[in-house]
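Structure at a glance
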Amino acid sequence: MFDNDDWLNKHREEVIDPTREIVDPHHHLWRKSHPVIRYDLKELWSDTDDGHNVTQTVFMECGSSYRDDGPEHMRPVGETEYIAEAAALSDAVPARASIAALVAHADLRLPIETLDEVLDAHIEASQGLFRGIRHSGPFDKAGAGFRIPPRAPEGLYKDEAFRRGVAHLGQRGFTYDTWNYHHQILDFRDLAAAIPDTVMILDHFGTPLGVGPYAGKREDNFEKWKDDIAAVAEQKNVFAKLGGLAMPDNGFGWHERDLPPSSDEVVNAQAKYYHHAISCFGADRCMFESNFPVDRLSLSYRVYWNAMKKIAADYSELEQQAMFSRVARQVYRIDPPL
């Protein structure tokens, strides 16, 4: 699925601002033994070593390496065990990017006692890296036709058991990550407003869709998205991850072309999403994210970070530092490398 190096290498460009430190707060890993997806530490390093100064990363849950047996609610702990092993290997090579934190999965609708059992197991398995939970909310009736099918039930954010779980994360000092579709952003806003003591992170701009029934409606959807992003930004417990727009379901279609996009093309097509989100949240609540290897279907790691640097050039040095590294370290409680 992600073995597209030959295609990505059809477009190469010089690295912009190669000394700027980057903390990539959102990537996934899948073991090489996975029958379809191949993106382990070796592949991550191949990307993080490609010219940009990526010093630390945050792993984001993706259903990888779950336990094959035992209680269903405990199976996601297998992913944490796997990532702790990868992080230990990354720490052993100081010159390369280290996995400095992880966000795991748990079903937040579980009874609190059972949820605590899962959280405690993640803490123990993570070797000090566990920071929070992602239990995402994407739902769309047309989702069966999406490249990444949504798996959440309708109305998850309104579910009282789910809300208790999200609140419990905050009570224990953990973060809540999610991704959803653009037409669900106000439902997420309501969740954040109802649980102001839990730090929440909205991934991928709320995923403005551009395929299926949303194809050909980008500008209309953008205007509604702008209003909804402004509304959710009013909730001060919400941080925004700026990335993920190269997923195929966003509808830019780059993954279907003969040539991958350049950073200039990414900027021309997508900068307005970044600038609007930054204007609403402020740089101190925004962090650039690669969402690799999912976005790798459409563009290279070098091109993505070049595009971010071109977009960030409109902001002050302190604002750039915030979006490239400082906010990620704040939210996920990461110490800078020694």
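Provided above is the structure to which this section pertains.
Notes on the structure in this doc start here. Note that this is a predicted model, so its numbers are computed, not measured.

Conventions and cut-offs
Residues numbered from 1 in each chain as written. Predicted model: local features only at pLDDT ≥ 70, side-chain atom pairs only at ≥ 80, totals over all residues. Heavy atoms only, no water. Helix = DSSP H or I, 4+ residues; strand = E, 2+ residues; numbered from the N terminus. Rg over C-alpha atoms; globule rule 2.2 N^0.38 Å. Contact = heavy atoms within 4.5 Å. Lys, Arg positive; Asp, Glu negative; His and termini not counted. Charge placed at Lys NZ, Arg CZ, Asp CG, Glu CD. Expected span 1.5 Å × (residues − 1). Buried < 20%, exposed > 50% of the residue type's maximum accessible area, 1.4 Å probe, protein only. Disulfide = S-S within 2.5 Å. Polar contact = N/O pair within 3.5 Å; in protein donor to acceptor, adjacent residues only side chain to side chain.

Some details on the overall build of the chain
The number of helices and strands found in the chain is ten helices and eight strands. What you see for the chain is a C-alpha radius of gyration of 19 Å, in line with the 20 Å of a compact globule of 338 residues. If one aligns the C-alpha atoms of the chain with their principal axes, the spans along those axes are about 50 × 45 × 40 Å. For the chain, restricting intrachain contacts to residue pairs at least 6 apart in sequence, the fraction spanning at least 24 positions comes to 80%. Separation between the mean location of the 37 positive side-chain charges and that of the 54 negative ones in the chain comes to 2 Å.

A look at helix α9 (residues 301-312)
An α-helix turns once every 3.6 residues. As a result, residues three or four positions apart point the same way. Compared with the 16 Å implied by 1.5 Å per residue over twelve residues, the 16 Å span of α9 between its first and last C-alpha is a close match. Among the twelve residues in α9, eleven count as buried, and that is most of the element. Of the positions making up α9, those classed as buried are Y301, R302, V303, Y304, W305, N306, A307, M308, K309, I311 and A312.

A closer look at the state of the cysteines
Within the structure shown, the criterion is met by zero disulfides. Not part of a disulfide, C280 finds its nearest cysteine sulfur in C286, a span of 8.9 Å. By relative accessible area, C280 is classed as partly exposed at 23%.

Regarding the environment of R218
Assignment of secondary structure puts R218 in helix α7 (residues 218-233). Among the residues examined, R218 registers a relative accessible area of 24% and is labelled partly exposed. Sequence separation of R218 and M74 is 144 residues, and the distance between their C-alpha atoms is 40 Å. A distance of 3.3 Å separates a polar atom in the side chain of R218 from the backbone oxygen of N250.

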